[in-house]
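Secondary and tertiary structure notes
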Amino acid sequence: MAAPLATAGVVAGIGFTVGLAGDACHVASGTTRYEWSGVPEIWHSQVWFPFLVAGAVMAAAWVGERAELPAVRARTRRDAVAGAALVLALYALTALLRGEPATVSVVLTGALALAIWSWWDPSAGAFAVAAGAAVAGPAVEIVVVALDGASYADDGLFGVAPWLPCLYFAAGAVAAGLWAAIARDGA
Amino acid sequence: MAAPLATAGVVAGIGFTVGLAGDACHVASGTTRYEWSGVPEIWHSQVWFPFLVAGAVMAAAWVGERAELPAVRARTRRDAVAGAALVLALYALTALLRGEPATVSVVLTGALALAIWSWWDPSAGAFAVAAGAAVAGPAVEIVVVALDGASYADDGLFGVAPWLPCLYFAAGAVAAGLWAAIARDGA
Amino acid sequence: MAAPLATAGVVAGIGFTVGLAGDACHVASGTTRYEWSGVPEIWHSQVWFPFLVAGAVMAAAWVGERAELPAVRARTRRDAVAGAALVLALYALTALLRGEPATVSVVLTGALALAIWSWWDPSAGAFAVAAGAAVAGPAVEIVVVALDGASYADDGLFGVAPWLPCLYFAAGAVAAGLWAAIARDGA
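Definitions and cut-offs
Residues numbered from 1 in each chain as written. Chains lettered and ligands numbered in written order. Predicted model: local features only at pLDDT ≥ 70, side-chain atom pairs only at ≥ 80, totals over all residues. Heavy atoms only, no water. Helix = DSSP H or I, 4+ residues; strand = E, 2+ residues; numbered from the N terminus. Rg over C-alpha atoms; globule rule 2.2 N^0.38 Å. Least-squares fit on C-alpha atoms with pLDDT ≥ 70 in both. Contact = heavy atoms within 4.5 Å. Buried area = accessible area lost by both parts, 1.4 Å probe. Salt bridge = Lys/Arg side-chain N within 4 Å of Asp/Glu carboxyl O. Polar contact = N/O pair within 3.5 Å; in protein donor to acceptor, adjacent residues only side chain to side chain. Nonpolar A, V, L, I, M, F, W, Y, C, P; charged D, E, K, R; others polar. Phe/Tyr/Trp six-rings, centres within 6.5 Å; stacked < 30°, edge-to-face > 60°. Lys NZ or Arg CZ within 6 Å of the ring centre and 35° of its normal. Expected span 1.5 Å × (residues − 1). Buried < 20%, exposed > 50% of the residue type's maximum accessible area, 1.4 Å probe, protein only. Arc of directions from axis to C-beta.

Below, the discussion takes up the overall build of chain A. Within chain A one finds seven helices and four strands. In sequence order, chain A lays out its α and β elements as α-β-β-β-α-α-α-α-β-α-α. Expected size for 187 residues packed as a compact globule is a radius of gyration near 16 Å; at 16 Å, chain A falls within 12% of this value. Expressed along its principal axes, the backbone C-alpha trace of chain A runs to roughly 45 × 35 × 25 Å.

The next thing to look at is the relation of the copies chain A and chain C. You can overlay chain A on chain C at an RMSD of 0.0 Å; the transform is a turn of 120° with a shift of 0.0 Å along its axis. The operation mapping one copy onto its partner corresponds to a three-fold rotation axis. In terms of C-alpha distance to the rotation axis, chain A has A:Leu96 as its closest residue, with the C-alpha 5.8 Å off the axis.

Glancing now at the interface of chain A and chain C. A common way to express how large an interface is: the accessible area buried when the components associate. Each partner contributes residues to the interface: chain A has 19 residues there, and chain C has 16 residues. In total, about 1300 Å² of surface goes out of reach between chain A and chain C, with carbon and sulfur atoms giving 80% of it. The interface formed by chain A and chain C includes one salt bridge. Among the ionic pairs, C:Arg73 bridges to A:Asp79, the shortest N-O distance being 3.6 Å. Summed over the shared surface of chain A and chain C, the number is three residue pairs in polar contact (both at pLDDT 80 or more). If you list the elements that add at least two residues to the side of chain A that touches chain C, you get helix H1 (4-28) and helix H3 (77-94) of chain A. Of all the elements, H3(A) adds the most residues to the side of chain A that touches chain C, at 10 residues. Looking at the side of chain A that touches chain C residue by residue, the classes come out as 15 nonpolar, two polar and two charged.

This next bit is on the packing of aromatic side chains. The geometry of two aromatic rings is summed up by the distance between their centres and the angle between their planes. Residue and element names in this part refer to chain A. In the structure shown here, the tally under the stated rule is 24 aromatic pairs over all chains. Taken together, the aromatic side chains of Tyr34, Trp36, Trp48 and Phe49 make up a single cluster linked through ring pairs. Stacked on the ring of Trp119, the Lys or Arg Arg75 has its end atom at 4.7 Å from the ring centre.

With that settled, the discussion passes to helix H5 (residues 124-146) of chain C. Residues and elements named next belong to chain C. A rise of 1.5 Å per residue sets the reference length of H5, with its 23 residues, at 33 Å; its end C-alpha atoms lie 33 Å apart and thus fit the reference within 8%. For H5, every residue scored as buried is listed here: Gly125, Ala126, Val129, Ala130, Ala133, Ala134, Gly137, Pro138, Glu141, Val144 and Val145. One or two steps after H5, the chain reaches Asp148, where phi turns positive at roughly 65°.

Attention now goes to the environment of B:Ile42. Residue and element names in this part refer to chain B. Structurally, Ile42 is set in strand E2 (residues 41-42). Its relative accessible area of 28% is what places Ile42 among the partly exposed residues. Through-space distance from the C-alpha of Ile42 to that of Ala24 is 9.4 Å; in sequence the pair is 18 residues apart. Each residue touching Ile42, except ones within four places of it in the same chain, is listed here: Phe16, Leu20, Val47, Pro50 and Phe51.

All names here are of chain B. Across its 19 residues, helix H2 (residues 48-66) extends 27 Å between first and last C-alpha, which sits within 8% of the 27 Å expected from 1.5 Å per residue. Along H2, the residues classified as buried are Phe49, Pro50, Val53, Ala54, Val57, Ala60, Ala61 and Gly64. For H2, the arc enclosing every buried residue in end-on projection is 135°, short of the 170-degree limit, so these residues lie on one face. For H2, the exposed residues set more than 90 degrees away from the buried face come down to Phe51 and Arg66. Phi turns positive one or two residues past the end of H2, at Glu68, with a value near 50°.

With that out of the way, let us pick up the pattern of salt bridges. A full pass over the atoms with the stated rule returns nine salt bridges over all chains. Residue A:Asp79 pairs with A:Arg75 through a salt bridge whose shortest N-O separation is 3.5 Å. In this structure, A:Asp79 and A:Arg75 share a single accessibility class: buried. A single salt-bridge network, built from bridges that share partners, covers A:Arg73, B:Arg75 and B:Asp79.

Before going further, it helps to examine the interface of chain B and chain C. In this complex, chain B contributes 16 residues to the contact, which on the side of chain C involves 19 residues. For the chain B and chain C pair, buried surface summed over both sides reaches about 1300 Å², with 80% attributable to carbon and sulfur atoms. In terms of surface lost to chain C, no three residues of chain B exceed B:Thr103, B:Val104 and B:Val107, which account for 33% of the buried area on that side. Scanning the region where chain B abuts chain C turns up one salt bridge. Along the contact surface separating chain B from chain C lie three residue pairs in polar contact (both at pLDDT 80 or more). Classifying every residue of the side of chain B that touches chain C gives 12 nonpolar, two polar and two charged.

Below is the structure:
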């Protein structure tokens, strides 16, 4: 097993990278806008965003690890590349959905999120972490929007996009098993 | 093995749910329109549609089970979630293709349908059921359109969308092994 | 093992088919345009294009086979259907990205390409062939564009589309293991 600190660093790095690249898609496409002025930026993001995502991914991964919920599939470092890539692809896909009916964007994103959970680790534990992320992530963003920190072009869900819980669901499902996948040797 | 009646119920329920949610995407996006008036609706669908899909999925699943064609991959209940989710994602994706050239929509939908068959169960039996669905499904819809029951925005294939056989192919491929997947214990 | 000549033929045929169908999507959607006049055409392509792709896929497959780099996953003929279908789906998807910001199209295509590599064979060897294809493929197309043989609607990368290296990456990753997959018996 890798040292816990190294594992935490890799997990946080994956969260930071996916958050940064995905957010760049949202900003570039006009899906989201930062509204606070004078905040330093990295690529298209205000500096707090990728760090927030990194922290959230690390927290979800830590919860998934500590809870010792039995995984259906034991994932490895190689799988973690595919998991992170699929979540990022779903993130980028949502940047193409601006102006689409909520029915279409939610069903499409939701079905893909369910497929990602079901492929990565169709366990009750991963589902619970994913469902928690689907509630907590949008809740935090709703607060940011309410504080005039950001805005969504499609704002039908209390100021955020209706498909946002589905994206967090997919991210949470993969994050739930990410610590074990990265810590596992010889992967 | 689960009791046949329970298995039939779950299979029909999956067909009903995927049909209802996918059709909602088609109607919400203007990909399809119901033309008969005075028919009761569930969500965006006229009531007969999801029941027809449920029956068709159950029939395909029953044929796939009774034909006892050898499966290349033995699928389980967990896989069935992924299979249904991927077919629904493909269904929702077709709702984004309105106005795209038929070449693009057919190649994209066809390649993804082939990948779904190839992942779920790349057997000759599943291919046969999928090919049968790709002919029978659009044929029924062509009749419905001819009877002025519905219309497609892109109607290049005798009144229905040119990618419709590809969507039915994917649904048929998964349905072919759905009975066995649901009936299998301990999945 | 299949005879080398038969294997070469199947590999070239896959490259030809994917190149022809994918290019048809690009031309039909206006993603690319042929500019030389008087050249015979097959479907939407000038005749040299699918043969060039077939040769490139055969070359990449031959390099992948001869280099004897250890594969992480031993792929079979059945897997080759899924691999070719996913690369073709990615090809068709890029035909929908015209006019999207480069950030979105590159992140989406790149994440999916990485996922394809990571699913097909997450080995260093496949990555090396994929990376080589991601450089060599666009380089050849940049020369064709510079010679006024073709043009891209989105031409931000020296005349070609910015997501083009990602598409070649995915194609190269699958091509790297295609010879072994086709040659393997009983697949």
